[in-house]
Amino acid sequence: MSDTFLNPVTTQTWANGRHIVRCVKVIQETWDVRTFCFMADQPIMFFFKPGQFVTLELEIEGRPVMRSYTISSSPSVPYSFSITVKRVPGGQVSNFLHDTMHEGAELPVHGPVGLFNAIDFPAGKVLYLSGGVGITPVMSMARWFYDTNANVDMVFVHSARSPKDIIFHRELEQMASRIPNFSLHIVCEKHGLGEPWAGYRGYLNQRLMELIAPDYMERVIFCCGPTPYMNAVKRMLEAVGFDMHNYHEESFGATPPEAKADAVEHAEAAADAPEVDVADLNLVEFVGSDKSIRVAPGETVHAAAAKLGLMIPKACGMGICGTCKVLKLGGEVEMEHNGGITEEDEAEGYILSCCSVPKGDVRIEY
């Protein structure tokens, strides 16, 4: 190990933004799931809130692609971070990572961001509910409390398709065997021939929940998994009168149907709308590119950049991933984000271009 790495003076702390990292390890978790571990060449302490995510900036077949993944490691291991990815049939990014990401490969990442985390919702008793690769954010939370010897009563319930699909199985069992405040329960939908399984079978339901965690109504719940899984959990909890203020779920992923419907509605409204008077247009100036354009009320900063041929990186388009963050040098915008930017960044003048609408003339450093 080099002296440079050990020198605390040269060690930097991770902040939300764009960073170049290098893959240092690839771990085969299950037959179709791999963990990719990353570090920076210049030592960086990767502090983040357990449950948050990063956005990878990739180039696939000559085209830029952005994709968000939850950090599966814990900030208690500060000089690296990991993401855990399931290979999906036909999945462009997951297949690319499984086939090409190797030790030594470098790539830019954006983040960390995310409202779904264990720090902003402290609780003495928690219930982690995960399905499939949705285990990653709650695993980060559990690792953090385990490593820091936190006085948190944890019940961890994971649903998998079969025993061979259980991610982090050995580590979870070790955690459960070493501390009394970690109760592990795994539910397998099915098991194949030659796969011994003595645990729960089928699907998580209310009766099984009452058996696993009789006091679940008193716990703060963190849930992540496929959309049908999370919808089923929410319906089950709402049916028994659970206080949904104590329910939190991972929110990034595919664009929700309602968001797509809103986009169609807005497009149709724009097509039918009368032309806007020039006096009502807002000037958006991109100082770094020496370009400017006037846009109609309601158009975003990102849309203004696109009209000028400026491609500000964007992944979710809903103010969740934080990829499209830019610095506002002047003017006012109305920003309706979904956790993709921190209060500290906002105080410094940063905005998310995808969800920021100018309230007048604005100047952007891009």
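About the thresholds
Residues numbered from 1 in each chain as written. Predicted model: local features only at pLDDT ≥ 70, side-chain atom pairs only at ≥ 80, totals over all residues. Heavy atoms only, no water. Pairing = 2+ DSSP bridges. Helix = DSSP H or I, 4+ residues; strand = E, 2+ residues; numbered from the N terminus. Buried < 20%, exposed > 50% of the residue type's maximum accessible area, 1.4 Å probe, protein only. Contact = heavy atoms within 4.5 Å. Axes fitted to C-alpha atoms, helices over the stretch in contact; angles between N-to-C directions. Left-handed = near helix turned anticlockwise from the far one by under 90°. Nonpolar A, V, L, I, M, F, W, Y, C, P; charged D, E, K, R; others polar. Polar contact = N/O pair within 3.5 Å; in protein donor to acceptor, adjacent residues only side chain to side chain.

K.L.:
How do you make sense of the pairing of strand E6 (residues 63-70) when you look at a structure like this?
P.N.:
Along a regular strand, successive side chains alternate from one face of the sheet to the other. Note: strand E5 (residues 53-60) against E6, eight bridges, orientation antiparallel. Bridge assignment links Ile60 to a residue of E6, and that residue is Arg63. Linking E5 to E6, which pair antiparallel, is a turn of two residues; within it Glu61 sits at a positive phi near 55°.

K.L.:
Is there a simple way to explain the environment of Glu346 in this structure?
P.N.:
Relative to the assigned elements, Glu346 resides in helix H9 (residues 343-347). Look at Glu346 and you get partly exposed, because its relative accessible area is 35%. Residues within four places of Glu346 in sequence aside, it is in contact with Met335, His337 and Ile341.

K.L.:
Mind showing me how you'd approach the packing of helix H3 (residues 135-147) against helix H4 (residues 169-178) here?
P.N.:
When two helices pack together, their arrangement is given by the angle between the helix axes and by the axis-to-axis distance. The N-to-C vectors of H3 and H4 enclose an angle of 35°; their axes lie 12 Å apart at closest approach. Crossing of H3 over H4 shows left-handed handedness. Each of Ile135, Met139, Ala142, Arg143 and Tyr146 in H3 lies in contact with H4, whose residues at this interface are Glu171, Leu172, Met175 and Arg178. Residue composition of the contact of H3 with H4, grouped by class: six nonpolar, no polar and three charged.

K.L.:
Which parts of the structure should I look at to understand the side chain of His110?
P.N.:
Along the chain, the position of His110 falls in strand E8 (residues 106-113). The exposure class assigned to His110 is buried, which follows from its relative accessible area of 7%. A polar atom in the side chain of His110 sits 2.7 Å from the side chain of Glu57. The contact partners of His110, leaving out residues within four places of it in the chain, are Gly17, Arg18, Val54, Thr55, Glu57, Met66 and Thr323.

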